[in-house]
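# Structural description and commentary
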Amino acid sequence: MPTENAFDLISPNTVLANAMLRTVDMVRPRIEATHPDRVALCVGAQINGAPHLGTALVQTAAFLLAKAVKRTFNVDAIVRFGALDNAPYDIRLDPETHHAYQQTYFHALGAAKIGELIETYYRAFFDSLADATGVDYETETYTAQQADPIFRHEFLATLGHFNSIRWPLAPSHGQVHLRFPCPQCGWAEKRAERTRLAVVGSGGAEFSAVCTDHGDYKVAITPDSTAYLDLATLYRNLVKERVAARDHITLCVMIKGGDWAFGCQLIDEAFAHLPGSPAPPRVFTPMVLTDTGAKLSKSLIREGKVAPPPGAKPWMLDTTMWEGTIDSLVDAMVWLVGRMMSDPKHFYRSYTTQELDRLMTTRPRSAPTIRAREMNLYRRYFDLVAEGRKTIEVRVRYPNLRTLAPGDHIRFVCGRDECLTRVTRVAVYNSFEQMIDTEGPANVNPDSPRDQQLASIRRIYGPEKEALGVLAIEIERAGS
Ligand SMILES: [Zn+2]
C-alpha cells in the first residue's frame, strides 16, 4: 500500500500513548518535582569493538533527548558517556575447578589503549552528534568511576544490606558476582565462587579470593583504596544509580536500550531495600530486532549461530561500514531517531532491521544545510546577542568544543527564538577572571558589572568545570 510519505511511521496505541504527548515527557515528573540546575543524560556502552546500530541509536537518542530537555524545560542539559572498559576481554577455565576466570578490557589493554579505543570508535561520532544537536558531552570510563571515593563509599554502604539486595541482584541463587582482580595478574573468578566477604566495618571491607596462578589473596576496599572493584552488571547499575540519585544539583537521567526494562525491575527491587532517594528517571530507547523478534545480536551472527536478518545492512552490524562520512551517518541517525521521537507511540516500541532499512532507504535527502552548533541562552543573554550588544559568549572547554574555530556557526536558542551567529575568534583562558579582564566585561554582558558576572558564571560552572579551560567565543550575527 504505497502512501505519499513512505517514511511515515505507523505505530499502534500502547499503555503510554494516551498518557503522554511528547517523548521527553518521561523526564518531566522529576524535573517538576526537583527543579534541577541542569540535567545529565547518562548513556553507557561496552568498549569491546565497533559499535552496531543499537549502540548508535541509544547514543543518538541521548543527544536528541538532551536537546529536547533544553528546549522544553529551559534548563541546561549535557550527555555523560560511560565507557564500560570492564567488559570481558578474555575468559579461561581453571584446570582443576573448571571455574571461569576473566580479564577485563582495562586489565588486558591498559588505560592508554582504552583511550585509543574510545577515540577510534566513539570520539568522531560524539563530536559530530554534539555539533548536530548543540549538546555538550563528557566521557568517563568504568575504571575511573569505580576509583571515585563516592562510588566506593556507595558500594560499601550497600554491604550493610547485602542479605536483602543479593536476591534481586542474583534472583536465581543469591550469589552476587563481586570480582576483585588478582593484584598480581589482573584475572578474577568470573562467578566469584570462592570470593568471600571477610570483614565489613564502618570505613571499609575486606574480601578474600583465589587466583589460579597466585593462590589465596585478600583485597581491602575503602573509599580511598586503589584495589579494582569489578561489579556484575546489575550491581554496577545499582551503585551507579545510587550515586546519581544523591546529586541534587544535576538531575541524572539514565538512557538505556529497551532490553534494560526487564533488568531495571530487579534494580528497583534492590533500591526498595536501601534507605534514601528513589532511583533516577530512566528512558528506554527502541530496540533493534531481527525477524524472529529477538534483539539483534552481533556476536550470534559473528559466531555463525544465526544468519543476518532481512534488511540488516553491513553498517547496522558495524557502523564503521557506513558508506559515507561520519557527519552523514550522524545526519541519518538524527533523522531516524528524530522521527521516532516525534510521537511517544513511535519511540516507546521496537523496530526490526527490515523496517529500519526501509526507513533509512526512503528517507528524504535534503541538500546539506549549514551545520551550526546549538547553544541555549537565558532570555536576558539571548536578547543581548540578538541585538548585537553581547559579542563574547563564555563556555568551559568541553571535549566537543575543542575544535571550535573561526568560521563555525553557532545557533543560539531561547524557547522558540533562534539567532544564527558566526564565530570570529576563539580564545582559551585558565580562569574566568583572566577571561573577563582580558576580554572586557562589557563585551560579555554590557548590562552587568564585572563581579556580578563572575558570580553568575561560577554558579553555572563549578571549579572542576573551570579547570577544563575557559573559552571566550567572539561572535557576529550571520544571515537568518
Ligand atoms: Zn593472579
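Residues numbered from 1 in each chain as written. Predicted model: local features only at pLDDT ≥ 70, side-chain atom pairs only at ≥ 80, totals over all residues. Heavy atoms only, no water.

### Quick word on the domain arrangement of the protein chain
Reports often express the size of an interface as the amount of accessible area lost when the parts come together. Rules: Throughout the structure description, domain borders are defined by an automatic or database domain assignment. It only takes one pair of heavy atoms within 4.5 Å for two residues to be counted as in contact. Values labelled buried area give the accessible surface lost by two parts on being combined, using a 1.4 Å probe and summing over both. Salt bridge criterion: a side-chain nitrogen from Lys or Arg within 4 Å of a carboxyl oxygen from Asp or Glu.
By the assigned domains, the protein chain splits into domain 1 (23-90 + 104-168 + 232-285) and domain 2 (372-477). Relative placement of domain 1 and domain 2: their C-alpha centres are 28 Å apart. Taken together, the contact between domain 1 and domain 2 spans 16 residues of the former and 13 residues of the latter. Of the roughly 1,400 Å² buried between domain 1 and domain 2 on both sides combined, carbon and sulfur atoms contribute 37%. By the criterion of area lost to domain 2, the three top residues of domain 1 are Arg71, Asp131 and Asp136, representing 37% of everything that side buries. At the surface where domain 1 touches domain 2, the tally comes to 5 salt bridges.

### Things to note about the environment of Ala332
Going by this rule: Helix and strand labels come from DSSP, where a helix needs a run of H or I of at least four residues and a strand needs a run of E of at least two; each type is numbered from the N terminus. Only protein chains enter the accessibility calculation, which uses a 1.4 Å probe; a residue whose area is less than 20% of its type maximum is buried, one above 50% is exposed, and one in between is partly exposed.
As for its position among the elements, Ala332 is in helix α11 (residues 326-341). Judged by its relative accessible area of 1%, Ala332 falls in the buried class. Each C-alpha atom of the pair Ala332 and Arg363 lies 8.3 Å from the other, and the pair is 31 residues apart in sequence. Each residue touching Ala332, except ones within four places of it in the same chain, is listed here: Trp322, Met360 and Arg363.

### Focus on unusual backbone geometry
In this model, Asn74 sits at a positive phi of 50°, which is unusual for a non-glycine residue. For Asn74, the position within the fold is in the loop between α2 (53-73) and β2 (76-84). What makes Asn74 partly exposed here is its relative accessible area of 42%. Its identity is not glycine, yet His98 carries a phi of approximately 60°, on the positive side. You can see His98 is positioned in the loop between β3 (88-93) and β4 (100-104).

### A few points about the packing of aromatic side chains
Selection rule: Aromatic pairing here means that ring centres of Phe, Tyr or Trp (its six-membered ring) are within 6.5 Å. Orientation follows from the plane angle: under 30 degrees is stacked, over 60 is edge-to-face, and everything else is tilted.
Summed over all chains, the structure comprises 18 aromatic pairs. Ring centres 5.5 Å apart and planes at 90° place the aromatic pair Phe63 and Phe126 in the edge-to-face group. Highlighted residues: Phe63 in helix α2 and Phe126 in helix α3 (residues 105-133), separated in sequence by 63 residues. Residue Phe126 is classed as buried on the basis of its relative accessible area, which comes to 1%. An angle of 35° between the planes, with centres 6.5 Å apart, marks the rings of Phe162 and Tyr235 as tilted. Here Phe162, found in helix α6 (residues 162-169), pairs with Tyr235, found in helix α7 (residues 233-246); they are 73 residues apart in sequence, far enough to count as distant.

### Quick word on the coordination of the zinc ion
To be explicit about the condition: Any N, O or S atom lying within 2.8 Å of the metal counts as a donor, with the limit raised to 3.2 Å for Na, K and Ca; because water is left out of the atom set, some sites can appear incomplete. Any coordination sphere not matching a tetrahedral pattern (four donors, all angles between 85 and 135 degrees) or a square planar or octahedral pattern (four or six donors, opposite donors over 155 degrees apart, other angles between 65 and 115) is reported as irregular.
Protein-derived coordination of the zinc ion comes from Cys182 (SG), Cys185 (SG), Cys211 (SG) and His214 (ND1), at a distance range of 2.1 to 2.3 Å. Because the angles between the 4 donor atoms bound to the zinc ion fall within 104 to 114°, the donor set is best described as tetrahedral. Coordination of the zinc ion draws on donor residues from a single chain, spaced C-x2-C-x25-C-x2-H in sequence. Here Cys182 is found in the loop between β6 (178-179) and β7 (188-189), whereas its partner Cys211 is found in strand β9 (residues 205-211), with 29 residues between them in sequence. The same class applies to Cys182 and to Cys211, which are both buried.

### Quick look at empty space enclosed by the protein
Picture a little ball the size of a water molecule; that probe, rolled over the atoms, points out where space is still empty. The line we're drawing: Definitions used for this entry: grid spacing 1 Å over protein atoms alone; cavity, a set of points where a 1.4 Å probe fits but cannot get out; pocket, an open set with protein on both sides within 12 Å along at least 5 of 7 lines; lining residue, one with an atom within 4 Å of a point. Grid points are joined across faces, edges and corners, and a volume is the space filled by probe spheres set on the points. Classification used: nonpolar for Ala, Val, Leu, Ile, Met, Phe, Trp, Tyr, Cys and Pro, charged for Asp, Glu, Lys and Arg, polar for all others including Gly.
Counted according to the given criterion, the structure contains 2 cavities of 30 Å³ or more. Along the walls of the largest cavity sit Lys70, Ala130, Asp131, Gly134, Val135, Asp136, Arg373, Glu374, Met375, Arg395, Asn400 and Leu401, which together make up its complete lining. The leading source of residues in the lining of the largest cavity is strand β16 (residues 372-376), at 3 residues. As a volume, the second largest cavity reaches approximately 40 Å³. If you trace the second largest cavity, you find it lined by Lys70, Asp76, Ala77, Ile78, Asp136, Arg395, Tyr398 and Tyr461. No other element matches β2, which puts 3 residues into the lining of the second largest cavity. For the lining of the second largest cavity, the residue count by class is 4 nonpolar, no polar and 4 charged. Two domains each put at least three residues into the lining of the second largest cavity: domain 1 (23-90 + 104-168 + 232-285) and domain 2 (372-477).

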